[in-house]
Amino acid sequence: MKALFAPATLLMNRMIYPVKFALLGVLAFIAFASLMLALAGQLNSAIQRAESQMRGGELMHPVARMIELTQQHRGLSSMVLGGNQDASGRRAEREAEVQRALERVASELDETQRNSNLWRQIGSEWSSLRANGMQASRSENFARHTALIGVMLHWQGELSDQYGLGFAPEAGSFYLMNAAVNRLPMMLEYFGQLRARGSGVLAQGALDTEARLALAVLNEEIGIGLRLVERDLLKVAAVRPELATALNSAVREIHAKAREVDQVVQAIVMQDNLRVMPAQQFFELTTAGIAIGYSQVYEVLLPTLDTLLQQHRDEARNTLHLNILVLGVALLIIGYLSVGAYLSVMGSIRSLRHGSQQLAAGDLRTHINLDASDELRYVASSFNEMTDSMRGLIGS
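Being a predicted model, the structure only gives us computed values, none of them experimental. (Residues numbered from 1 in each chain as written. Predicted model: local features only at pLDDT ≥ 70, side-chain atom pairs only at ≥ 80, totals over all residues. Heavy atoms only, no water.)

Caption draft 1: Highlighting the packing of helix α2 (residues 17-81) against helix α10 (residues 279-360). Between α2 and α10, whose axes approach to 10 Å, the crossing angle comes to 175°. The angle between α2 and α10 places the two elements in the roughly antiparallel class. Looking at the contact of α2 with α10 residue by residue, the classes come out as 39 nonpolar, 14 polar and 6 charged. (Axes fitted to C-alpha atoms, helices over the stretch in contact; angles between N-to-C directions. Helix = DSSP H or I, 4+ residues; strand = E, 2+ residues; numbered from the N terminus. Parallel < 35°, antiparallel > 145°, perpendicular 65-115°, else oblique. Nonpolar A, V, L, I, M, F, W, Y, C, P; charged D, E, K, R; others polar.)

Laid out in structure tokens, this is it:
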């Protein structure tokens, strides 16, 4: 053991006490400072990530609105191309709204995001649709709209990744993000495709095999998508019981409207009933269902997600402040006790030195009384015994 600590002993033997205490104090400060900086760095990263996610959540509002309006434009275009010219005015209004929505999203993006390939592709394909989309057939117009919306959804996913919305510190946030950013938008896109195809079929008054199959598949995809959304929201409610009421209400509203639409689609697909309702009424029915879905995104899911992210940010800030406080207090206590230890040792040494000087001057009555109870008291006790013995010998 002595051999192990020989280098440290040799080093300490070459130093006076002030230097020894200063060295140990500096080393302790470096250790605590390193720990504090590492902890502060981790917590600051968590805070910055939460703030970035909150910014991404705010941006999802205009992005979702842009996609919703483009889906409505697809449905109205399908109705007009199917022969319902009464929808032309609404289609033109929706086209102007889509353009404004695109401009609003662009104003929210930074320069790098505006220059991304996907955003440029969205702008290019929309401009092409505006210019010559109504010269295409109904099926081609539908396909071009759907391709554009697919790019928008892909870009929305890329954007959410940029802001870290795919990363969640706990299960509740993850499933809520997944429902708000992935599951529900995809389900609503199937709903939008069903609206466009169904409105076009009812406006045209004809149902071929391809359209029948497409309506059946889309109707089934909506059911599957809704079940996935419901599963995610139930998991959120299990982790965060305080959100259960709002989330369950959202699921019930979407389910109710989806059942209405399902009944109409079943009548079209299974019974060839193309007079089950007018194209305009079917468009309004499906639009109402999609609007409920988007209202849940705007009014429930994204605000709830923002609340959770704020909680994570505030918890990280509080943890950071608490840890800085604890480490700061610990450092102060260690520093205070270290100074006390230094003063105690140096006081004992000064007392021993003063007693030795008095003895050397011939004062055999000198006595050393130390306030400390450490090992130096043995030195003082031995010194006192020595002076007592010397005084006894001289006295005899």
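This is not the end of the story, as more comes after the structure.
Caption draft 2: Focus on the nonpolar core. One finds Met 66, Trp 119, Trp 155 and Leu 301 to be the most contacted residues of the largest nonpolar core, which totals 79 residues. Sorting the residues of this core by element identifies α2, α3 (88-108), α5 (117-132), α6 (138-162), α7 (171-204), α8 (209-239), α9 (244-271) and α10 as the ones contributing at least two each. Broken down by element, the residue count for this core peaks at 15 residues, all from α10. Not counting the four nearest positions on each side in its chain, Leu 301 is found in contact with Leu 176, Ala 179, Ala 180, Leu 184, Leu 233, Leu 247 and Gln 296. (Core = buried A, V, L, I, M, F, W, Y, C linked by side-chain atoms within 4.5 Å. Buried < 20%, exposed > 50% of the residue type's maximum accessible area, 1.4 Å probe, protein only. Contact = heavy atoms within 4.5 Å.)

Caption draft 3: Examining the packing of aromatic side chains more closely. For the coordinates displayed, the defined rule picks out 3 aromatic pairs. With a centroid separation of 5.2 Å and an interplanar angle of 75°, the aromatic rings of Phe 174 and Tyr 175 are classed as edge-to-face. Taken together, a centroid distance of 6.0 Å and an interplanar angle of 25° make the contact between Tyr 294 and Tyr 298 stacked. Of this pair, Tyr 294 and Tyr 298 both sit in helix α10, separated by 4 residues, roughly a single helical turn. Here the two residues Tyr 294 and Tyr 298 agree in accessibility, since each one is buried. (Phe/Tyr/Trp six-rings, centres within 6.5 Å; stacked < 30°, edge-to-face > 60°.)

Caption draft 4: Looking closely at unusual backbone geometry. In this model, Asp 272 sits at a positive phi of 55°, which is unusual for a non-glycine residue. For Asp 272, the position within the fold is in the loop between α9 and α10. We classify Asp 272 as partly exposed; its relative accessible area is 46%.

Caption draft 5: How the structure looks around the pattern of salt bridges. Counted under the stated rule, the structure contains 13 salt bridges. Here Arg 65 makes a salt bridge to Glu 68, at a shortest N to O gap of 3.0 Å. With Arg 65 and Glu 68 both in helix α2 and 3 residues apart, this pair spans about one turn of that helix. The exposure class of Arg 65 is partly exposed, given its relative accessible area of 34%. For Arg 90, the salt bridge identified is with Glu 284, shortest N-O distance 2.4 Å. Of this pair, Arg 90 sits in helix α3 while Glu 284 sits in helix α10, and the two are 194 residues apart along the sequence. Looking at Arg 90, the relative accessible area reads 25%, which means it is partly exposed. Note on Glu 284: relative accessible area 35%, which makes it partly exposed. (Salt bridge = Lys/Arg side-chain N within 4 Å of Asp/Glu carboxyl O.)

Caption draft 6: Summary view of the packing of α2 against α6. For the pair α2 and α6, the least separation of the axes is 10 Å and the interaxial angle reads 175°. Here α6 runs roughly antiparallel to α2, going by the angle between their axes. Among the residues forming the contact of α2 with α6, the class breakdown is 13 nonpolar, 12 polar and 2 charged.

Caption draft 7: Spotlight on α3. In this model, α3 (21 residues) spans 31 Å end to end at C-alpha, consistent with the 30 Å of a helix rising 1.5 Å per residue. Every buried residue of α3 is listed here: Arg 91, Arg 94, Glu 95, Val 98, Ala 101, Leu 102, Val 105 and Ala 106. One side of α3 carries all its buried residues, which in axial view fall inside an arc of 135°. Summarising the geometry of α3, the exposed residues directed more than 90 degrees from the buried face are Arg 100 and Ser 107. Those residues of α3 that are buried lie in contact with α2, α4 (111-114), α5 and α6. (Expected span 1.5 Å × (residues − 1). Arc of directions from axis to C-beta.)

Caption draft 8: Local environment of the side chain of Thr 287. Note on placement: Thr 287 falls in helix α10. A residue is classified by how much of its surface remains accessible, and Thr 287, at 14% relative accessible area, is buried. Among all residues touching Thr 287, those that are not within four sequence positions of it are Gln 72 and Arg 195.

Caption draft 9: Layout of the environment of Leu 194. Within the secondary structure, Leu 194 sits in helix α7. With relative accessibility at 0%, the residue Leu 194 sits in the buried group. Through-space distance from the C-alpha of Leu 194 to that of Asn 219 is 7.0 Å; in sequence the pair is 25 residues apart. Those residues in contact with Leu 194, other than ones at most four positions away along the chain, are Ser 199, Leu 215, Leu 218, Asn 219, Ile 222, Val 261, Val 265 and Phe 282.

Caption draft 10: Layout of the side chain of Gln 71. You can see Gln 71 is positioned in helix α2. In this view, Gln 71 contacts Ile 149, Leu 188, Glu 189, Arg 195, Ile 290 and Tyr 294; residues no more than four positions away in its chain are not counted.

Caption draft 11: Examining the environment of Met 390 more closely. On the secondary structure map, Met 390 appears in helix α11 (residues 376-395). Between the C-alpha atoms of Met 390 and Leu 188, which are 202 residues apart in sequence, the distance is 103 Å. Beyond its immediate sequence surroundings of up to four residues, Met 390 is in contact with Leu 359 and Leu 364.

No statement about biological role is implied by the geometric values presented.
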